[in-house]
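Structural characterization, general
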Amino acid sequence: MDFDLTDEQELIRATAREFTDKEVVERSRENARNHHFDTDLVKKVAAQGYLGAIVPQQYGGAGLDYVSYGLIVEEIGRGDSSVRTVISVQTSLVCSAILKWGTEEQKHRYLPKLCSGEWLGCFGLTEPESGSDAASLRTRAKRTDSGWVLNGSKMWISMGNHAKVALIFAQTDPEKKHRGLACFLVPTASEGFSSQEIHGKLGLRSSDTAELSLDEVEVGEEAMLGEIGDGFKVAMSALDNGRYSVAAGCVGICDGCVDASVRYAKERKQFGVPLARFQLVQEMIADMILKRDASRMLVYRAGALKDEGKPNTMETSVAKLYATESAVECANLAIQVHGGAGYVDDYPVERYLRDARVTTLYEGTSQIQKLIIGRAATGINAMTPMEVE
Ligand SMILES: Cc1cc2nc3c(=O)[nH]c(=O)nc-3n(C[C@H](O)[C@H](O)[C@H](O)COP(=O)(O)OP(=O)(O)OC[C@H]3O[C@@H](n4cnc5c(N)ncnc54)[C@H](O)[C@@H]3O)c2cc1C
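Parameters at a glance
For every chain, the first residue of the written sequence is number 1, and numbering continues from 1 onward in sequence order. Local features in a predicted model are, by the rule used here, given only for residues with pLDDT of at least 70; side-chain atom pairs are given and counted only at 80 or more, and totals for whole chains, interfaces and linings are based on all residues. Note that the side-chain values use all heavy atoms of the structure and ignore hydrogens as well as water. Near residues are defined by distance, with any heavy atom within 4 Å of the molecule or strand qualifying the residue. Nitrogen and oxygen atoms within 3.5 Å of one another constitute a polar contact, given that in protein one can donate a hydrogen and the other can accept it, and given that sequence-neighbouring residues count only through two side-chain atoms. Surface accessibility in these figures is a Shrake-Rupley result with a 1.4 Å probe; residues are shielded only by whichever protein chains are displayed. Secondary structure follows DSSP: runs of H or I at least 4 residues long count as helices, runs of E at least 2 residues long count as strands, and numbering of each begins at the N terminus. Lys, Arg, Asp and Glu make up the charged group, whereas Ala, Val, Leu, Ile, Met, Phe, Trp, Tyr, Cys and Pro make up the nonpolar group; the residues left over, Gly among them, are polar. By convention in these notes, a salt bridge is any Lys or Arg side-chain nitrogen within 4 Å of a carboxyl oxygen on Asp or Glu. Classification of residues uses two cut-offs on accessible area relative to the type maximum, computed with a 1.4 Å probe and protein chains only: under 20% is buried, over 50% is exposed, and between them is partly exposed.

Residues in close proximity to the ligand total 16 residues, the closest being F123, T126, S132, W156 and T365. Within the side chain of T126, a nitrogen or oxygen atom sits 2.7 Å from a nitrogen atom of the ligand. In this structure, W156 approaches the ligand through a main-chain N or O atom, which is 2.7 Å from a nitrogen atom. Notes on the ligand: free accessible area 980 Å², of which the protein chains cover 67%. Looking at the shell around the ligand, the elements with two or more residues in it are β3 (147-158) and α10 (366-378). It is β3 that provides the largest number of residues to the shell around the ligand, a total of three residues. Of the residues contributing to the shell around the ligand, the split by class is nine nonpolar, six polar and one charged.

Set out below in structure tokens:
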């Protein structure tokens, strides 16, 4: 396997690094303090072409490969996971689903607006009563003469208050269980569609998170993404891409922890010498570098497989599991290196810990990733107790 980046990929990384340092890092502390979803910054991210990096140019995207996309996400993730979440949701969950499952009409209608940032999109899978067990979702889609009427609620939906279009997963026939699920492209301005901001989050404080309510929302036939019964497959294929993006963002958190810790350990003196002189401090830095580098290699492997069009569900879950757990551990270590100073937001490390924490929960918890990996290794599904043989 060739681990060297091409000249173009190096340039993409350098550009994303510069953009992150100039635009994202600058605002991250104030935005987190103010719980501010920074729409001006989202416009700048869009102008860089980062909202549709993997979407072909014919649909308004940048037409980049997955490894390049991962490099961008890593850099933005180092700057601010709330901004990274916008890229991950818009590109990996919403655009990738439309790209894979949409008709030409749907692709031309939505992708250019999403790639340019004119519209934001959201991904409405989770509900108050269904999280890891996504197939048990209760939002109901019933046929009408002209299309469908949707009723239900969605929980924890990133960008749900700002999105112009929502991917809504709904059940068309409860008796068919996951084979009855369908996905709909729902304009959020539709009558009966409403959103409410979720307050009090541990991290991702400048990210928008919403509860959605659908009360007799009518959509036409053309709103369905894929066919009846494809909903579960649409969700799982989108999550394969989303997990890659979350993993890449977590490499960025690990990298930020290393940078901040090395800088601080060389500046801060105790017992008359810089902290970096102490072996136990160097051990913490070495542990962070180990986790960052291993996470990065796993992300590159998943990205390379995606670029080659090879199956990668297991490898993507390995990258997601390892990188997200590593981000939490690195952030915790980075606070330790900073001592008391790491406990306040003068340094980025306390935000790294608060922001990293959600990554082992969303887009499939760490337990769910282990079950995906275990299923791939054994051929036995241990996720659903009823199906254990
Ligand atoms: C900030 C934030 C943003 C989010 N954004 C979105 C979004 O944009 N769109 C969206 O659809 N969702 C989103 N989510 C929801 C997220 O994907 C879910 O929280 C996640 O899938 C877990 O579901 P749950 O919270 O219901 O936990 P549960 O499924 O109730 O899990 C609770 C615990 O039980 C464990 N568990 C569950 N089932 C099993 C099993 N079979 N075996 C072993 N352990 C198990 C879990 O690992 C976990 O530890 C977001 C969540 C947060 C917090």
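Okay, the pattern of salt bridges next. As enumerated under the stated definition, the model contains 25 salt bridges in all. Of the charged contacts in the structure, one is a salt bridge between E30 and R33, with a shortest N-O distance of 3.8 Å. Remark: R33 and E30 occur in helix α1 (residues 7-34); sequence separation between them is three residues, near one turn of the helix. Given a relative accessible area of 44%, R33 falls into the partly exposed group. Of the charged contacts in the structure, one is a salt bridge between E75 and R78, with a shortest N-O distance of 3.0 Å. Taken as a pair, E75 and R78 lie in helix α3 (residues 66-79) at a separation of three residues, close to a single helical turn. E75 sits in the buried class, given a relative accessible area of 0%. The network of salt bridges with common partners includes R13, R17, D21, E74, E75, R78, D255, D259, R292, D293 and R296.

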